[in-house]
Amino acid sequence: MVFAIGCGGGAMPPDDGGGGGGTNPTPASVTISSTMTGPFSVAMSTSFQPAEWDYQFFTLNPAATTTLDTLGSHHVRLQGIFHGIPQGSEGLATTAWDFSMLDAITQPVLGVGDHSPEFQIAKAPAFMYQGNNSGNPFSDPSFAAFAGYTQNLVRYYNTGGFVDGATSYVSPAWPDDTITWWGIYNEPNINNLLSPQRYTDMYNTVVPAMQAVDPTIKFAALELADFGGEEEEWVPTFVNNVTAHVDVMATHFYSSCNQQDTDAMLFSTIPGFVTDVQAFYTHMATNPALANVPVWVTENNVNADYSNNGISNCNPPRVFVPDLRGSSPFFAAWRPYVFSQLGKAGAQALYHWDFGADKQYGEVDYATGALQLSYWVDYWLGQTFPPEAEAQLLQYTSSDDTDLETLPVSNADGSVVIMVANHKVKAPSSDNNGVGVPFSVQVDVSALGNFSSGTLIVIDKDTNVATGPTPTTVSPAAQMTIDLNGYAVGLLTLKP
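All values reported here derive from a predicted model rather than from experimental measurement.

(A) Layout of the environment of Pro117. Tracing the backbone through its elements, the reader meets Pro117 in the loop between helix H3 (100-110) and strand E7 (118-121). Assessed through its relative accessible area of 1%, Pro117 is described here as buried. Taking the C-alpha atoms as reference points, Pro117 and Thr46, 71 residues apart in sequence, are found 9.9 Å from one another. Setting aside residues up to four positions removed in sequence, Pro117 forms contacts with His75, Val76, Leu78, Val109, Leu110, Ile179 and Trp181.

Given below as structure tokens:
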């Protein structure tokens with residue numbers, strides 16, 4: 001199954017996990033053709049969840065703005081929930097506004113990177129649900145009150161603010177930094193008893209209301225918890241009945257919700273991610289207004305489970321155990337494999353869930369700001385395959401497409417990048433955060449002509465987590481070798 005659940009962050013005890021890949025590498029070969037087969041463009045990004053358990057991240061880690069800026073994320077995602085929702089309060093019928101918790105994360109994010117986050121309006125204020133409880137259905141079936149709330153969010157960040165009672169509310173970043181991208185609700189298929197048609201009604205109500213405040217903004221639709229065929233339940237209804245503008249269709253992928261699942265089981269979910277992205281595009285092609293709209297994966301990580309007062313949210317009454325594969329060498333194989341497969345299927349953005357958290361979720365540690373291996377995997381994927389490179393996929397043959405994921409592209413500047421990710425599991429029936437199997441991959445680039453310089457980056461068990469991998473200068477040749485010591489990724493760049 002393909003899993004997706006909105007998840008919390010927070011710090012957890014350190015544990016290195018993973019291990020070495022051993023000796024006597026298995027030989028493999030990849031031959032790269034000069035034939036181009038289509039574009040490849042995946043923007044890497046990351047996420048934050050402003051809420052009572054996450055909002056102090058930048059206060060605890062002032063230098064994290066630099067760390068985030070260096071990551072180079074595109075349209076960083078903001079998902080305010082619970083007390084991160086700036087109006088009302090859970091369980092109370094109050095309509096008071098307070099942006100302090102939301103902006104403790106949002107304002108720093110506005111000031112870094114591309115200064116253009118995606119603000120996902122994940123939930124309505126609690127008083128808009130039955131019983132003043134955000135887990136219940138909406139009280140207003142017309143969604144008019146929710147639309148009014150979203151309009152004030154746009155006013156706050158984009159148009160100079162709004163007045164409620166005697167108080168004026170305006171973003172401290174305005175007018176220098178505003179929010180262009182807006183996501184309409186989080187995982188409606190598992191929240192608030194919404195149906196596909198009810199969500200579409202919501203979208204058709206909210207989007208025009210927001211456009212009336214700022215006609216320049218853009219919208220991401222659906223953001224599904226994508227598992228068990230949910231896209232077939234939701235996407236056709238939305239595609240057939242949406243009347244409001246859509247700039248992006250979005251979904252979420254996790255490989256598991258059970259820390260006890262084996263490495264082999266987690267890797268086996270990735271083809272399902274591809275099938276679901278293809279299903280999105282197939283359905284969208286039936287509506288001319290959506291035929292050229294891209295699909296973004298706005299949440300992605302190894303495991304969607306989280307602690308519910310110490311108990312596994314997905315597997316009660318089992319005690320929650322963090323899945324260390326989110327930051328161990330396993331991730332150096334898993335995320336590049338996902339990145340390549342989704343990009344080949346046409347997805348145009350891949351978001352890490354989430355930036356500051358524990359070893360299951362975080363690219364950096366929430367409590368200390370220390371970098372984790374996942375940070376470097378995401379950083380180098382973003383740096384090596386930037387969307388502005390105008391990359392074209394190159395045809396190739398591999399002696400082992402089962403265990404090695406190969407991604408070769410030719411860029412507009414004449415450079416070539418070849419990624420090989422080693423996701424072979426040593427003991428498929430039992431390995432859980434295992435070591436993988438070493439490979440020595442011979443890459444034949446003789447069909448691509450001559451190059452003047454080359455660089456090789458390998459991320460694996462030996463990568464220095466504090467400083468990241470060290471790029472190695474290599475001499476271009478017709479045959480080049482990438483050694484992958486267990487779970488790992490190699491990134492070879494050749495320049496003319």
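Picking up after the structure, the text goes on.
(B) Spotlight on the nonpolar core. In terms of nonpolar packing, the biggest core is built from 112 residues, with Phe48, Phe146, Trp182, Tyr199, Met202, Tyr203 and Met249 touching the most fellow members. Sequence-distant contacts of Phe48, defined by excluding residues within four places in its chain, comprise Phe57, Phe58, Leu68, Val76, Arg77, Leu78, Gln79, Ile105, Val109 and Phe355. Among the nonpolar cores identified, the runner-up in size contains 23 residues, and Val30, Val441, Leu484 and Ala488 belong to it.

(C) The arrangement of the packing of aromatic side chains in detail. Evaluated as defined, the whole model comprises 44 aromatic pairs. A cation over an aromatic ring shows up here: Lys123 above the ring of Tyr129, its NZ or CZ 5.5 Å from the ring centre. In this structure, Arg325 is placed above the aromatic ring of Phe330, and the distance from its NZ or CZ to the ring centre is 5.7 Å.

(D) Highlighting the pairing of E7. Residues Glu118 and Gln120 of E7 are buried on one face, and the alternating residues Phe119 and Ile121, pointing to the opposite face, are buried as well. Pairing geometry for strand E4 (residues 77-79) and E7, over three bridges, is parallel. Residue pairing in the sheet places Gln79 in a bridge with Gln120 of E7.

(E) Main features of the sheet that holds strand E22 (residues 439-444). Overall, mixed pairing links the nine strands, which are arranged E24-E23-E26-E21-E20-E19-E1-E22-E25 in an open sheet. Across the chains shown, the open sheet's two edge strands, defined by having one partner strand only, are strand E24 (472-474) and strand E25 (479-484). For this sheet, the mean inter-axis angle between neighbouring strands, taken without regard to orientation, is 25°. In the sheet, strand E1 (residues 26-40) pairs with strand E19 (residues 391-398) via seven bridges, with the strands oriented antiparallel. Pairing of Thr31 across the sheet is with Thr397, part of E19. Contacting strand E21 (416-422), strand E23 (453-459) and strand E26 (488-495), helix H10 (residues 373-384) runs over the sheet at an angle of about 155° to E23.

Conventions we followed
Residues numbered from 1 in each chain as written. Predicted model: local features only at pLDDT ≥ 70, side-chain atom pairs only at ≥ 80, totals over all residues. Heavy atoms only, no water. Helix = DSSP H or I, 4+ residues; strand = E, 2+ residues; numbered from the N terminus. Buried < 20%, exposed > 50% of the residue type's maximum accessible area, 1.4 Å probe, protein only. Contact = heavy atoms within 4.5 Å. Core = buried A, V, L, I, M, F, W, Y, C linked by side-chain atoms within 4.5 Å. Phe/Tyr/Trp six-rings, centres within 6.5 Å; stacked < 30°, edge-to-face > 60°. Lys NZ or Arg CZ within 6 Å of the ring centre and 35° of its normal. Pairing = 2+ DSSP bridges. Axes fitted to C-alpha atoms, helices over the stretch in contact; angles between N-to-C directions.

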